[in-house]
Amino acid sequence: MKWRLLLGALLISLLSAQLGHCQNEDKDDKSAPEKRPKGKARAGKGAGKRTKTATAKPKLTAIATQAPPASQGTQLTQVLNKGKFQKVGDSLSVAAGDTLQLRCKGNPVQWGVPYYLEEEDAGRLKMVQHDRYGTLTLANATGADTGEFTCYPMYCEDTDCRKEYNKAVKVFIFFPDPQELFVPSSDYYEVIQLRTNWPTVLPCQVTNPLAKVTLHREFPPEEVQVDGTEISFNVKRGFTIHRPKPHHAGSLYCVASMGGLRQSSTKYMLIYVNYPAAPPAPVIQASSGSVSVGSNLQVTCIVVGEQDVVVDFTWEYPGQQIGRPLYTQDSVEVANNIGRLRQRSVSILMVDEVRDVDQGTYTCTAQNLEGSRSTSTTVKVVPKKP
């Protein structure tokens, strides 16, 4: 009996194990379709990449919007024969008699030209604005046209436009003329003021950058040494006196030579002026802060500064209101100030027989080439003592 029970339990266990195995196979069969899409996704990696590329494109577009490529900036090119273009550098040479044509990218743009062309171009100069660029055409160029040409991009709001100076493109153009080494000038003499410690330029402008240029003094006749430090030369600007001194004053001119041709420039009359470093600092003082009727009053204004600097004084005083005339006494002297020579400029305002109307504020204004400053003092008028 017992063995029958054991045999039955064994049969039941075998049947249960087989039934569980069949259920697991069913589950695997049902889950297989869910695994296949994963397999397809792995096999189709290219499709996933296309999706990533598509999302990356807008980012590239956004970057391009924020920082436009350099090609969208201001460009200046020279239009050559047969529709060829050449980007220009700092300088350019175009033979006299030829036609110059420049193209500048931008809409709109404005052109700057040498002074001679601004004054008189005789119809040779033409500027045209196109959709995306502007053109400048100069026909029958001459040596007098030598100078700086500038293209200014314009920033516009409605009808209000202004130049974008920080984006301007410049080129210095020489127009070599076999007969004229210097840019022609209608002036025989040109007066130039030499300012203390202020660079001064003698614009001996040549039409050919290959010409040799020297600087000369008329009296006494001699060539001026150009050492590159005190005086230097730049073919686009001329000679520069970097720190003018009194010995630089006089009549000077330039000489250009090329091949067998030698020519002189306009003469430059250099006048030395000792420019002060700053406006004057006047000090004012009255002979008395309180003066009685009928007495005399003196108000003194003093400026101590650099030598050879002209100081002009002007006064404001109470008596002006009734037309009381101004009487002043001015003087200049050199004083030794702690081992250093200084100039002492003095102006004294004199008021004779003081009246009640002379009471009030006295103001002295001292002025030199750098500016002016004022200082004031107050004077009280009291009754005359018995």
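Residues numbered from 1 in each chain as written. Predicted model: local features only at pLDDT ≥ 70, side-chain atom pairs only at ≥ 80, totals over all residues. Heavy atoms only, no water.

K.L.:
Mind showing me how you'd approach the confidence of the model for the protein chain here?
P.N.:
Reading fine detail from the predicted coordinates is not recommended where pLDDT is low. Overall, the predicted model of the protein chain reaches an average pLDDT of 82, with 81% of residues at or above 70. A low-confidence stretch, residues 21-72 (pLDDT under 50), is modelled with three contacts involving residues beyond four sequence positions or located in other chains. (pLDDT = per-residue confidence, 0-100. Contact = heavy atoms within 4.5 Å.)

K.L.:
Any chance you could explain the sheet that holds strand E16 (residues 238-241) here in plain terms?
P.N.:
Paired through backbone hydrogen bonds, the strands of a sheet run either parallel or antiparallel to each other. Ordered by their spatial adjacency, three strands build an open sheet running E12-E16-E15, and the pairing between neighbours is antiparallel. Where the open sheet ends on each side, the last strands, each with one partner, are strand E12 (200-202) and strand E15 (231-234). Geometrically, the sheet is characterised by an average inter-axis angle of 25° between neighbouring strands, direction not taken into account. One ladder, built from three bridges, connects E12 with E16; its direction is antiparallel. The residue bridging Leu-202 from the neighbouring strand is Phe-239, located in E16. (Pairing = 2+ DSSP bridges. Helix = DSSP H or I, 4+ residues; strand = E, 2+ residues; numbered from the N terminus. Axes fitted to C-alpha atoms, helices over the stretch in contact; angles between N-to-C directions.)

K.L.:
How do you make sense of the pairing of strand E26 (residues 360-368) when you look at a structure like this?
P.N.:
Of all nine residues in E26, seven are buried, a share of seventy percent or more. Bridge analysis of strand E23 (residues 312-316) against E26 gives five bridges, and the strand direction is antiparallel. What sits directly across from Glu-316, in E26, is Thr-363. In the sheet, E26 pairs with strand E27 (residues 371-382) via nine bridges, with the strands oriented antiparallel. In the sheet register, Thr-361 faces E27, and the bridge partner there is Thr-378. (Buried < 20%, exposed > 50% of the residue type's maximum accessible area, 1.4 Å probe, protein only.)

K.L.:
Quick question: what am I supposed to make of the sheet that holds E23 here?
P.N.:
Ordered by their spatial adjacency, four strands build an open sheet running E21-E27-E26-E23, and the pairing between neighbours is mixed. The open sheet is flanked by strand E21 (290-292) and E23, the only strands paired with a single partner. Across this sheet, the average inter-strand angle for adjacent strands is 30°, counted without regard to direction. Note: E21 against E27, three bridges, orientation parallel. What sits directly across from Ser-292, in E27, is Val-382.

K.L.:
Honestly, the nonpolar core in this entry has me stumped. Any pointers?
P.N.:
When a protein is soluble and globular, its nonpolar side chains tend to lie buried together. Grouped together as the largest cluster of nonpolar side chains are 21 residues, with contacts concentrated most on Leu-76, Leu-100, Leu-102, Phe-149 and Ile-173. Secondary structure elements with two or more residues in this core: strand E4 (100-105), strand E5 (109-112), strand E7 (133-138), strand E8 (147-157) and strand E10 (169-174). (Core = buried A, V, L, I, M, F, W, Y, C linked by side-chain atoms within 4.5 Å.)

K.L.:
Help me out: how do you make sense of the state of the cysteines in this one?
P.N.:
As used here, a disulfide is simply a covalent bond connecting the sulfur atoms of two cysteines. Under the criterion given, the structure shown has four disulfides. Residue Cys-156 pairs covalently with Cys-161 via a disulfide, S to S 2.0 Å. Between Cys-156 and Cys-161 the sulfur-sulfur dihedral comes to about 115°; the bridge is accordingly right-handed. Residue classification places Cys-156 among the partly exposed residues on the basis of a relative accessible area of 30%. There is a disulfide in this structure between Cys-301 and Cys-364, and the S-S distance comes to 2.0 Å. (Disulfide = S-S within 2.5 Å.)

K.L.:
Looking at this structure, how should I read the pattern of salt bridges?
P.N.:
Side chains that differ in charge, positive against negative, can pair when their charged atoms come close. Under the counting rule described, the total for this entry stands at seven salt bridges. Between Glu-164 and Lys-167 there is a salt bridge whose closest N-O contact spans 3.6 Å. Note on Lys-167: relative accessible area 42%, which makes it partly exposed. Notably, a salt bridge pairs Arg-344 with Glu-333, separated by 3.3 Å at the nearest N-O pair. Note that Arg-344 is positioned in strand E25 (residues 340-351) and Glu-333 in strand E24 (residues 328-337), a separation of eleven residues in sequence. By relative accessible area, which is 41% here, Glu-333 ends up partly exposed. (Salt bridge = Lys/Arg side-chain N within 4 Å of Asp/Glu carboxyl O.)

K.L.:
Where do I start with the packing of aromatic side chains in this structure?
P.N.:
For any pair of aromatic rings, geometry is given as the distance between the ring centres together with the angle between the planes. In total, this model carries five aromatic pairs according to the counting rule given. Ring geometry for Tyr-188 against Tyr-189: centres 5.2 Å apart, planes inclined by 80°, an arrangement best described as edge-to-face. On the basis of relative accessible area, Tyr-188 is assigned to the exposed category, the value being 56%. Between Phe-233 and Phe-239, the ring centres sit 4.7 Å apart and the planes meet at 45°, which makes this aromatic pair tilted. Under the relative-accessibility criterion, Phe-233 is labelled partly exposed at 31%. The class of Phe-239 is buried, set by a relative accessible area of 2%. The lysine or arginine in question, Arg-195, covers the ring of Trp-198, its NZ or CZ lying 4.6 Å from the ring centre. One cation-aromatic arrangement involves Arg-195 over Tyr-275; the distance from NZ or CZ to the ring centre is 3.8 Å. (Phe/Tyr/Trp six-rings, centres within 6.5 Å; stacked < 30°, edge-to-face > 60°. Lys NZ or Arg CZ within 6 Å of the ring centre and 35° of its normal.)

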